[in-house]
Amino acid sequence: MDLQTLTYLAIGLSFALYIGIAIVSRASSTGDFYVAGKHVHPVANGMATAADWMSAASFISMAGLIGFLGYEGGVYLMGWTGGYVLLAMLLAPYLRKFGKFTVPEFIGDRYYSQLARIVAVICLIFISFTYVAGQMRGVGIVFSRFMEVPIETGLYIGMGVVFIYAVLGGMKGVTYTQVAQYCVLIFAYTVPAVFIAINVTGVALPQIALGSEVVDGSGYLLEKLDKTLVDLGFGAYTSAFNDKSMIDVCAITLALMVGTAGLPHVIVRFFTVPKVRDARISAGWALLFITLLYTTAPAVGALSRLNLIETVNGPEGSGTAYAVMPDWFKTWENSGLLAWHDHNNDGKVQYAAGKAFAGDGKPVFADDQRGEHRERVTTNPGQGDMIANAPFANELYVDRDIMVLANPEIAGLPNWVIALIAAGGLAAALSTAAGLLLVISSSISHDLLKLSLIHISEPTRRATISRMPSSA
């Protein structure tokens, strides 16, 4: 079966699963809509929390960042995971003990202030809409590449699916939908990683493969990657503090920890369990489920970077570039997230340190080592501006967000694995988008309309009104 058909099948079946779960577990009361009736099992809540937590940034972007940053990419692993630990240890049990529906309600009652509550709602809305925008970019990338539709069309399809199960099920429906989405995304993330780890190192577990020898006998995986990158003019993959100082790394990690500990769509998950003890237990389960992906990401990053280099520069980064690029390269070029310019007109792609593009349509005007001005060459919209006659060998522009999604194609894996990772990327983006839209609607209907502004106290009317922001 061809890739296009398999992709439509995988995405269609996953969407049907999400909508079916929402119909079966649809909210029948205000409590179901806001906090799933406070009777979600800790294991299910832990899985839903993990799906809520692991957004498109974790699934699509994180391994790509690690692949290009190397050791320094660990700030995302430490910051995001550390933020969850702060949330689980210092916030989650106490929020559940307070027994409220929303975070703004907790803040208003804790500080005896309606003003504080309104300020909390405003902050929540700004944070959530900003975060939703990132999820929708992930949806657009998946649809534009794998289903070959315009990004705008992909966004409409994704938001339509979220609208159906968020409006029907509320927090109850979203919770059990996120359980299914976690299963889809973790399976989609680990299966390609296992395939590629076996191909490169002969070891099935990616976490162990990262420290194993490669099958061609050229040494350990990280040693080979270090040597390859240094030969191409990059910093060593495992070297600490190539571009950032230790103070910078510590500051960024702390900022990520504090910021992610306050994500409203994750905090509200701990309101859905029956007891305070269950909140602590579900936090532990969520950390376990998150760990499965976060410990796989470093291996995915290293393997994808090595595969990319060997695709465009020949085995071991030898500089023997291929004159004819494979089909996956051409397909991603059409998406505007991968492009190259033949500086030396040899008909081959060369990848090395330096920029071939400014990216995002921003031209680079700078003097090269000879003091000569670089000529700007405009390319297709969305691909940035090429730099002709550059003194460096780099001819390749790579958007880091494509590395996880393109990795199975780069490695030549079966079509069903490629289709699976497309479904996984959508599951990660949509699970977080649904949680964010739900907390927005709950805060508007419960905090603003009931207790702050209009004082609507009738539960059915509030539940109906809360569905409107979800659909928007």
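Thresholds applied
- Residues numbered from 1 in each chain as written.
- Predicted model: local features only at pLDDT ≥ 70, side-chain atom pairs only at ≥ 80, totals over all residues.
- Heavy atoms only, no water.
- Helix = DSSP H or I, 4+ residues; strand = E, 2+ residues; numbered from the N terminus.
- Buried < 20%, exposed > 50% of the residue type's maximum accessible area, 1.4 Å probe, protein only.
- Contact = heavy atoms within 4.5 Å.
- Areas by Shrake-Rupley, 256 points an atom, 1.4 Å probe, with all protein chains shown as cover.
- Salt bridge = Lys/Arg side-chain N within 4 Å of Asp/Glu carboxyl O.
- Patch = residues over 30% accessible without salt bridge, like charges linked within 9 Å, V, L, I, M, F, W, Y side chains within 5 Å.
- pLDDT = per-residue confidence, 0-100.
- Expected span 1.5 Å × (residues − 1).
- Arc of directions from axis to C-beta.
- Phe/Tyr/Trp six-rings, centres within 6.5 Å; stacked < 30°, edge-to-face > 60°.
- Lys NZ or Arg CZ within 6 Å of the ring centre and 35° of its normal.
- 1 Å grid on protein atoms, 1.4 Å probe; cavity = no way out; pocket = protein on both sides within 12 Å on 5 of 7 lines; lining within 4 Å.
- Points joined across faces, edges and corners; volume = space filled by probe spheres on them.
- Nonpolar A, V, L, I, M, F, W, Y, C, P; charged D, E, K, R; others polar.
- Polar contact = N/O pair within 3.5 Å; in protein donor to acceptor, adjacent residues only side chain to side chain.

Enquirer: Summarise the overall build of the chain; cite the residues concerned and give the values.
Expert: Tallying secondary structure elements over the chain gives 18 helices and 4 strands in all. Of all 472 residues assigned to the chain, the portion counted as buried reaches 56%. A sequence separation of at least 24 residues applies to 76% of the contacts in the chain between residues at least 6 apart. When the accessible area of the chain is evaluated, it comes to approximately 19,000 Å², of which 64% is carbon and sulfur surface.

Enquirer: Could you give me a rundown of the pattern of salt bridges, with the residues and numbers involved?
Expert: Per the stated rule, a full pass over the model turns up 3 salt bridges. One salt-bridge network, held together by shared partners, links Asp-216, Lys-224 and Glu-310.

Enquirer: So what's going on with a nonpolar patch on the surface? Which residues, and what values?
Expert: Where nonpolar side chains cluster on the molecular surface, the patch consists of Val-85, Met-89, Leu-90 and Leu-91 and spans about 370 Å² of accessible area. Here Val-85 shows up in helix α5 (residues 74–98).

Enquirer: Give a detailed account of the confidence of the model for the chain, specifying residues and quantitative values.
Expert: This prediction gives the chain a mean pLDDT of 77; 79% of its residues lie at or above 70. No element of the chain has a lower mean pLDDT than strand β2 (residues 375–378), at 34, and none a higher one than helix α9 (residues 206–209), at 94. Contacts for the low-pLDDT stretch residues 465–472, under 50 throughout, to residues beyond four places or in other chains number 20 contacts.

Enquirer: Any details on helix α11 (residues 246–261)? Residues and values, ideally.
Expert: With 16 residues, α11 should reach 22 Å at 1.5 Å per residue; the first-to-last C-alpha distance of 23 Å fits that figure. Where α11 is concerned, the buried positions are Val-249, Thr-253, Leu-256, Thr-260 and Ala-261. Down the axis of α11, the sector holding all buried residues measures 120°, keeping them to one side. Opposite the buried face of α11, at more than 90 degrees from it, the exposed residues are Ile-247, Leu-254, Ala-255 and Val-258. In this fold, the buried residues of α11 make contact with α3 (42–53), α5 and α12 (264–267).

Enquirer: Now, about the packing of aromatic side chains: what can you tell me, with residues and values included?
Expert: Summed over the entire model, instances satisfying the criterion amount to 10 aromatic pairs. Relative to Phe-241, the ring of Tyr-71 has its centre 6.2 Å away and its plane inclined at 80°; by these criteria the two rings are edge-to-face. Of this pair, Tyr-71 sits in the loop between α4 (56–69) and α5 while Phe-241 sits in the loop between α10 (221–231) and α11; the two residues are 170 residues apart in sequence, bridging distant segments of the chain. Ring centres 5.4 Å apart and planes at 55° place the aromatic pair Tyr-76 and Trp-80 in the tilted group. You can see Tyr-76 and its partner Trp-80 sitting in helix α5, 4 residues apart, about one turn around the helix. Note that Arg-110 overlies the ring of Tyr-111, its terminal NZ or CZ placed 5.4 Å from the centroid. The positively charged end of Arg-305 is found above the aromatic ring belonging to Phe-234, 4.9 Å away from the centroid.

Enquirer: Before we move on, could you go through the environment of Cys-183 and cite the residues and values that matter?
Expert: Here Cys-183 lies in helix α8 (residues 151–201). Each C-alpha atom of the pair Cys-183 and Ala-48 lies 9.7 Å from the other, and the pair is 135 residues apart in sequence.

Enquirer: Describe empty space enclosed by the protein, and please don't skip the residues or the numbers.
Expert: Within this structure, the stated rule accounts for 2 cavities of 30 Å³ or more. A volume near 50 Å³ is recorded for the largest cavity. If you trace the largest cavity, you find it lined by Tyr-189, Pro-192, Ala-193, Ile-196, Val-300, Val-404, Asn-407, Pro-408 and Ile-421. Listing elements by their share of the lining of the largest cavity, those giving two or more residues are α8 and α16 (403–410). Looking at which element gives the most residues to the lining of the largest cavity, the answer is α8, with 4 residues. Grouping the amino acids of the lining of the largest cavity by side-chain chemistry returns 8 nonpolar, 1 polar and no charged. Lining the second largest cavity we find Thr-102, Val-103, Pro-104, Leu-124, Pro-264, Val-268, Val-439, Ser-442 and Ser-443. At the level of secondary structure, the elements contributing two or more residues to the lining of the second largest cavity comprise α6 (103–110) and α17 (415–450). Looking at the lining of the second largest cavity, the element that brings in the most residues is α17, giving 3 residues. Taken together, the residues of the lining of the second largest cavity break down into 6 nonpolar, 3 polar and no charged.

Enquirer: Lay out the environment of Ser-431 with the relevant residues and their values.
Expert: Here Ser-431 is to be found in helix α17. Accessibility expressed as a relative area gives 0% for Ser-431, which makes it buried. Each C-alpha atom of the pair Ser-431 and Val-179 lies 9.2 Å from the other, and the pair is 252 residues apart in sequence. Here Ala-51 takes part through its backbone oxygen, which lies 2.9 Å from a polar atom of the side chain of Ser-431.

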